[in-house]
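# Breakdown of the fold
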Amino acid sequence: MGIEADGAGSGTTGDRAESGLVADAPHGSDAIEFYDSRLFFASYSAGMTMVAIPCALVSGWGPILAVIFGGHALWSLRRLLDRRPRLEVSAAGIRDENLWYSPGMIRWEEIRDIRRTRFGLIEVELRDEGAFWDRLSPLRQLPRVKLALFGFGPALITPWGLEGSTREVVGRLQEGLEQHLLESVRSEHALLLEGNAPSK
């Protein structure tokens, strides 16, 4: 369903299940990557082109609308041809580069919870929203001001246009966070055992 590991297709990441999910967990040697949906962006580009062409033939606002819809068509075509991963789940955390205002890297240590919310969005609850906000550029802060009016926090993942369903994306993100918390507990337990070990 579009969730691939690094080097997918090269035969170096092992077999995938029929559902398209990577067999390795997020904290394995490879990250799990979500790519753009070819069907979504091909359809979007074709639709915008079909709207832009007749607009260009109409006087008045027609050429302006043609430029707007044509710009959307070119943007979606560029996304269709650019096969870089847009969302990545790794041992370090979540790297979100799906949209121009996406936050980039969010480390597991910064995350308190991950949940699906309204409009098919994924909200990442942070331990320190202020620190996260401060590292965003002013340009990336602007959309979050509007989203805050709807009750959303600053770390919001938009899975629209990605291969795989929102449920799959949320499941992988939650799995990664759970594994990080489990490893943290194991590390703390190992340190306690080491500290309580009798000295020779």
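Preceding block: the structure.
Here is a short report on the structure shown in this document. (Residues numbered from 1 in each chain as written. Predicted model: local features only at pLDDT ≥ 70, side-chain atom pairs only at ≥ 80, totals over all residues. Heavy atoms only, no water.)

### Details of the overall build of the protein
Applied cut-off: Only runs of H or I of at least four residues qualify as helices and only runs of E of at least two qualify as strands under DSSP, and these elements are numbered from the N terminus. Accessibility here uses a 1.4 Å probe with only protein chains present; expressed as a share of the type maximum, an area under 20% marks a residue as buried, one over 50% as exposed, and anything in between as partly exposed. Contacts were defined at the residue level, with two residues in contact if any of their heavy atoms lie within 4.5 Å. Every accessible area reported is derived by Shrake-Rupley at a probe size of 1.4 Å, with residue values counting cover from the shown protein chains alone.
Counting its regular elements, the protein contains five helices and eight strands. Within the protein, the fraction of its 200 residues that count as buried is 39%. A separation threshold of at least 6 residues defines the contact pool for the protein, and within that pool the share at least 24 residues apart is 63%. Accessible area for the protein stands at about 11,800 Å²; split by element, carbon and sulfur atoms hold 60% of it.

### Remarks on the side chain of threonine 166
Mapped onto the fold, threonine 166 is located in helix H5 (residues 166-196). If near-sequence neighbours (up to four positions away) are discounted, threonine 166 is found in contact with Arg116, Gly120, Ile122 and Pro159.

### A few points about the pairing of strand E4 (residues 93-96)
Heads up, the rule is: If DSSP finds at least two bridges between two strands, the strands pair.
Pairing geometry for strand E3 (residues 87-89) and E4, over three bridges, is antiparallel. Pairing of leucine 87 across the sheet is with aspartate 96, part of E4. The antiparallel hairpin formed by E3 and E4 contains three residues in its connecting segment.

### What to know about helix H2 (residues 62-81)
The test is simple: The span you would expect from a helix comes to 1.5 Å times its residue count less one.
Under the 1.5 Å per step criterion, the end-to-end length of H2 is 28 Å for 20 residues, consistent within 8% with the ideal 28 Å. Along H2, the positions that sit buried rather than exposed are Gly62, Ala66, Gly70, Ala73, Ser76 and Arg79. Buried residues along H2 sit in contact with helix H1 (38-56).

### Points about H1
The condition is simple: Think of it as the arc spanned by the lines of direction from the helix axis to the C-beta atoms.
Taking 1.5 Å per residue, 19 residues should reach 27 Å; H1 reaches 27 Å between its end C-alpha atoms and fits that length. Within the span of H1, buried status applies to Phe41, Ser45, Met48, Ala52 and Cys55. All buried residues of H1 fall inside an arc of 95 degrees around its axis, so they share one side. Turned more than 90 degrees away from the buried face of H1, the exposed residues are Leu39, Met50 and Ile53.

Note that all results are geometric; they support no functional claim without further evidence.
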